[in-house]
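Residue-level listing of the chains:
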Amino acid sequence: TKQRRWEFQFQLKLKRLPTSPIYLGIDVDDSIKLGMIQKALMGAIMNFVKKNNAGMSYSLTEGTINAQKLQEGRYEKNHVALPVESSMDRFVATKPGEPLPQLGEPIYEDPASIKKRKKGDYVVDWNIDHTYTFGLWSAYIDYLKWKILNIP
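Residues numbered from 1 in each chain as written. Predicted model: local features only at pLDDT ≥ 70, side-chain atom pairs only at ≥ 80, totals over all residues. Heavy atoms only, no water.

In terms of regular secondary structure, the chain is built from four helices and eight strands. When the elements of the chain are put in sequence order from the N terminus, they spell out β-β-α-β-α-β-α-β-α-β-β-β. Seen through its C-alpha atoms, the chain measures out along the principal axes to roughly 55 × 40 × 30 Å. A buried classification covers 27% of the 152 residues belonging to the chain. Expressed as a percentage of contacts within the chain between residues at least 6 apart in sequence, the contacts between residues at least 24 apart total 76%. Only carbon and sulfur atoms are counted for the fraction: they give 56% of the accessible area of the chain, which is about 11,000 Å². The averaged location of the 17 negative side-chain charges in the chain is 5 Å from the averaged location of its 22 positive side-chain charges. (Helix = DSSP H or I, 4+ residues; strand = E, 2+ residues; numbered from the N terminus. Buried < 20%, exposed > 50% of the residue type's maximum accessible area, 1.4 Å probe, protein only. Contact = heavy atoms within 4.5 Å. Areas by Shrake-Rupley, 256 points an atom, 1.4 Å probe, with all protein chains shown as cover. Lys, Arg positive; Asp, Glu negative; His and termini not counted. Charge placed at Lys NZ, Arg CZ, Asp CG, Glu CD.)

Following the criterion strictly, the structure yields seven aromatic pairs and no others. Geometrically, the ring pair formed by Phe 91 and Tyr 122 is edge-to-face, given 6.2 Å between the ring centres and 70° between the ring planes. Pair noted here: Phe 91 is in strand 5 (residues 90-94) and Tyr 122 is in the loop between helix 4 (111-119) and strand 6 (131-138), with a separation of 31 residues, a long-range link. The buried category is assigned to Phe 91, whose relative accessible area is 4%. Joined through ring pairs, the aromatic side chains of Phe 8, Phe 10, Phe 91, Tyr 122, Trp 126, Tyr 132 and Phe 134 make up one cluster. (Phe/Tyr/Trp six-rings, centres within 6.5 Å; stacked < 30°, edge-to-face > 60°.)

What follows concerns the sheet that holds strand 4 (residues 78-83). In spatial order, the strands read 2-4-3; together these three strands make up an open sheet with antiparallel pairing. A single partner strand is all that each edge strand has here, and the edge strands are strand 2 (23-28) and strand 3 (57-59). Within this sheet the neighbouring strands show an average axis-to-axis angle of 5°, counted without direction. Summarising the sheet, strand 2 and strand 4 pair through six bridges and their orientation is antiparallel. When the sheet's bridge partners are listed, Ile 26 is paired in strand 4 with Val 80. (Pairing = 2+ DSSP bridges. Axes fitted to C-alpha atoms, helices over the stretch in contact; angles between N-to-C directions.)

What follows concerns the sheet that holds strand 5. Taken together, three strands build an open sheet; the order of strands is 1-6-5 and the sheet is antiparallel. Each having just a single partner strand, strand 1 (6-12) and strand 5 make up the two edges of the open sheet. Each strand of the sheet is rotated relative to its neighbour by a mean of 10°, with strand direction disregarded. Bridge count for strand 1 against strand 6 is seven bridges, and the pairing is antiparallel. Within strand 6, the residue paired with Glu 7 across the bridge is Trp 137.

When you line up the elements, Asp 89 lands in the loop between helix 3 (84-87) and strand 5. Overall, Asp 89 belongs to the buried group, its relative accessible area being 14%. Sequence-distant contacts of Asp 89, defined by excluding residues within four places in its chain, comprise Glu 109, Arg 117, Lys 118, Gly 135, Leu 136 and Trp 137.

This paragraph deals with the side chain of Thr 131. Turning to its location among the elements, Thr 131 is positioned in strand 6. Setting aside residues no more than four positions away along its own chain, Thr 131 makes contact with Gln 11, Leu 12, Lys 13, Val 92, Ala 93, Thr 94 and Leu 100.

The tally for this structure, following the rule as stated, stands at two salt bridges. Of the charged contacts in the structure, one is a salt bridge between Lys 118 and Asp 89, with a shortest N-O distance of 3.8 Å. Taken together, the residues span a long stretch of sequence, with Lys 118 in helix 4 and Asp 89 in the loop between helix 3 and strand 5 at a distance of 29 residues. Where Arg 117 meets Glu 109, a salt bridge forms, and the shortest distance between an N and an O atom there is 2.7 Å. The exposure class of Arg 117 is buried, given its relative accessible area of 1%. (Salt bridge = Lys/Arg side-chain N within 4 Å of Asp/Glu carboxyl O.)

Attention now moves to the environment of Pro 18. Along the chain, Pro 18 turns up in the loop between strand 1 and strand 2. Separated by 110 residues in the primary sequence, Pro 18 and Ile 128 place their C-alpha atoms 9.8 Å from one another.

In short, geometric facts, not functional conclusions.
Written as structure tokens, this is what we have:
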């Protein structure tokens with residue numbers, strides 16, 4: 001396996017049930033200016049990420065959003081959004097009374113469950129009783145050095 005450059009773990013318990021899918025995402029207000037080569041490279045990178053993350057959505061638009069489009073809501077911010085269940089490297093639902101995964105330690109998830117989630121064949125049965133533990137990491141981004149690494 002490739003070296004992890006960072007890992008983020010967290011646990012949560014829902015106060016109410018979600019009425020739609022839950023996404024992990026980021027958006028940017030400003031337009032992104034890319035040259036022809038940068039556009040091609042960014043498109044290849046995003047297609048690689050999308051291929052490995054079922055349900056991913058992204059938009060990389062150029063130019064400014066004019067006032068009319070803004071007022072009418074006819075625009076899409078630059079964004080990347082991934083369904084939580086397929087984008088997390090580890091996803092564990094713990095029933096009440098069961099021991100919670102320890103944050104800061106490796107989070108165990110059954111390999112068959114991981115495979116099913118990554119293919120997009122897993123629907124989370126969200127409820128307010130379980131505690132959800134997530135693990136997210138990457139070998140492709142070094143946030144300390146602001147570098148992208150290990151891209152094929």
